[in-house]
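Each chain, letter by letter, is given below.
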Amino acid sequence: LLDVHEVDATRYPELTPELRRAMYEETVTFFHYVLTERQSFLDLLDSDYVFLNEALAKHYGIGKVEGDDLVKVSLSDRRRGGVLGLGSVLTSTSLATRTSPVLRGKWVLEQILGTPAPPPPPDVPDLEAARQANSELDFRAVLELHRSKPACNSCHQKMDPIGLGLENFDAIGRWREGYGEQPIDASGVLVDGTAFEGPSELKLILLQEKALFARNLTRKVLSFALGRNIRFQDKPTVDHLTEHLLEHDFHTVDFITEVVTSFPFRYRKSDPPTS
C-alpha cells in the first residue's frame, strides 16, 4: 500500500524512495520480531521499542542511529511504539497533501478492532468540500460541523476522535506540535465517553479492548493461514483461537501452534480462483 500511495512531492519532498523503502522494511522487521522473538501480539498495539536506520531516526526525530541497517531502539516515551507509530501506516492513511483523521480512525476500527463504521449514505456531502467552504475553521471544527449532520454523525462519531488523537503525526509520519503557529489538539472522547489525550493514551485505551483485538487478529491470521475468507463454519475455531489468545496473554508462538493444529488448517481448502 505504501508503494502505491500518492504523496504530493512538492509538499513532502522528504519522502524519497529510500525513505519509503525504509518505512516498509521497518514494518516487516517490527512484525517479524514480534512474531519470532516470542513477544506478545500486544506489542503491535504498544511497544517500548522501534526498529530504525539512520534515515528513519532522523525522520522521526529519535536518537542517533548510523547506517542503512535497521536496529532495535528503545523509546523514552510511548507515543511512537506499536503499529500506530509506523511511518507506513501513518502515511498510507493520509491524503496526498495532508493528514486525514477520518481515514486513520477508519483504519483503527477496521484493522485493529474489527468494528468498521457503517458505510455513509449516498447523499452525504463531501468532507473536503465542507472544509473548503469553511476555510476559516480548523480541521477539528470542520469535522464537528460535519458530524452535526444526522446522516454523518453515526460514522464520524466513531472514527473522528481516534484519528484526531493521531494528529501530532503529519502526513508522512513525522511528529509535530502544531499546524504552523496553531497548537494541535490531539484530545478525543470516544463513543462510550472515554476521554484521552494523544497517541500514548489512545493506545492504552486500545489495550483495554483485548477481546475485540483478539477476535480480529484471529480472523486475519486464520484467513491468511487458510488462504481463503473466514466462513460461518469456522466460527468454533475462531472462538477457540480467540479464547486461547486471551488466556495465554497473546503469546505469539503458542497461538501460531494452535492455528496450524486446528481442524480447518489441517484439512484446508482454499477459495477457488477468481477469473
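In this report, the structure presented in the accompanying data block is examined. (Residues numbered from 1 in each chain as written. Predicted model: local features only at pLDDT ≥ 70, side-chain atom pairs only at ≥ 80, totals over all residues. Heavy atoms only, no water.)

Here's the deal with the packing of aromatic side chains
The cut-off we apply is this: Ring pairs are drawn from Phe, Tyr and Trp, using the six-membered ring of Trp, whenever the two centres fall within 6.5 Å, and their geometry is named by plane angle: stacked under 30 degrees, edge-to-face over 60, tilted for the rest. Only protein chains enter the accessibility calculation, which uses a 1.4 Å probe; a residue is then buried when its area is under 20% of its type maximum, exposed when over 50%, and partly exposed in between. Strands here are runs of E lasting at least two residues and helices are runs of H or I lasting at least four, both read from the DSSP assignment and numbered beginning at the N terminus.
Tallying each qualifying case throughout the model produces eight aromatic pairs. Relative to Phe 51, the ring of Tyr 49 lies with its centre 6.1 Å away and its plane at 85 degrees, an arrangement referred to as edge-to-face. Tyr 49 gets classed as buried once you look at its relative accessible area, which sits at 4%. Ring centres 5.7 Å apart and planes at 20 degrees place the aromatic pair Phe 213 and Phe 250 in the stacked group. Here the residue Phe 213 occupies a position in helix H9 (residues 210-226), and Phe 250 occupies one in the loop between helix H10 (235-247) and helix H11 (252-260), the gap between them amounting to 37 residues.

Thoughts on empty space enclosed by the protein
Basically, it comes down to this: The definitions used throughout rest on a 1 Å grid laid over the protein atoms alone, on which a cavity is an enclosed set of points accommodating a 1.4 Å probe that cannot get out and a pocket is an open set flanked by protein within 12 Å on both sides along at least five of seven lines; lining residues are those having an atom within 4 Å of a point. Grid points are joined across faces, edges and corners, and a volume is the space filled by probe spheres set on the points.
Under the definition given, this model contains one cavity of 30 Å³ or more. By volume, the largest cavity amounts to about 30 Å³. Every residue along the wall of the largest cavity is listed here: Glu 26, Phe 30, Ser 47, Tyr 49, Val 50, Phe 51, Arg 80, Gly 81, Gly 82 and Leu 86. Counting only elements with at least two residues in the lining of the largest cavity, the list comes to helix H1 (17-36) and strand E1 (49-52).

Observations regarding H11
Heads up, the rule is: As used here, the arc is the angular range of directions from the helix axis to the C-beta atoms. What makes two residues a contact is simply this: any of their non-hydrogen atoms within 4.5 Å.
Within H11 the residues assigned to the buried category are Thr 252, Phe 255 and Val 259. When H11 is viewed along its axis, its buried side chains cluster within an angular range of 70 degrees and face the same direction. Structurally, H11 contributes buried residues whose contacts are with H1, H9, H10 and helix H12 (263-266).

Considerations on the side chain of His 5
Short version of the rule: Here a polar contact is recorded for every N or O atom pair within 3.5 Å, except that within protein the pair must consist of a potential hydrogen donor and a potential acceptor, and residues adjacent in sequence are included only if both atoms are side-chain atoms.
In this structure, His 5 sits in the segment before H1. With a relative accessible area of 14%, His 5 lands in the buried category. A polar atom in the side chain of His 5 sits 2.9 Å from the backbone oxygen of Thr 91.

Digging into the environment of Ser 92
Tracing the chain through its elements places Ser 92 in helix H3 (residues 87-92). Take Ser 92: its relative accessible area is 17%, and that puts it in the buried class. With eleven residues separating them along the chain, Ser 92 and Leu 103 place their C-alpha atoms 9.1 Å apart. Separated by 2.7 Å, the side chain of Ser 92 and the backbone oxygen of Ser 88 make a polar contact. One polar contact links the side chain of Ser 92 to the main-chain carbonyl oxygen of Val 89, over a distance of 3.4 Å.

A few points about the packing of H9 against H10
Convention followed: For helices, the axis comes from a line fit to the C-alpha atoms of the stretch in contact; other axes are also lines fit to C-alpha atoms, and the angle between any two N-to-C directions lies between 0 and 180 degrees. Here the word oblique covers every angle except those under 35 degrees (roughly parallel), over 145 (roughly antiparallel) and from 65 to 115 (roughly perpendicular). Working rule for handedness: look at the near helix, and if it is turned counterclockwise from the far one by less than a right angle, call the crossing left-handed; if clockwise, right-handed. Just so you know the grouping, Ala, Val, Leu, Ile, Met, Phe, Trp, Tyr, Cys and Pro go in nonpolar, Asp, Glu, Lys and Arg go in charged, and all remaining residues, Gly too, go in polar.
Closest axis-to-axis distance for the H9/H10 pair is 9 Å, and the angle between their directions is 125 degrees. With respect to their mutual orientation, H9 and H10 come out oblique. In this structure, H9 meets H10 at a crossing whose hand is right-handed. In this structure, H9 uses Lys 210, Ala 211, Ala 214, Arg 215, Leu 217, Thr 218, Arg 219 and Leu 222 to contact H10, whose residues at the interface are Thr 237, Val 238, Asp 239, Leu 241, Thr 242, Leu 245 and Leu 246. Residue composition of the contact of H9 with H10, by class: eight nonpolar, three polar and four charged.

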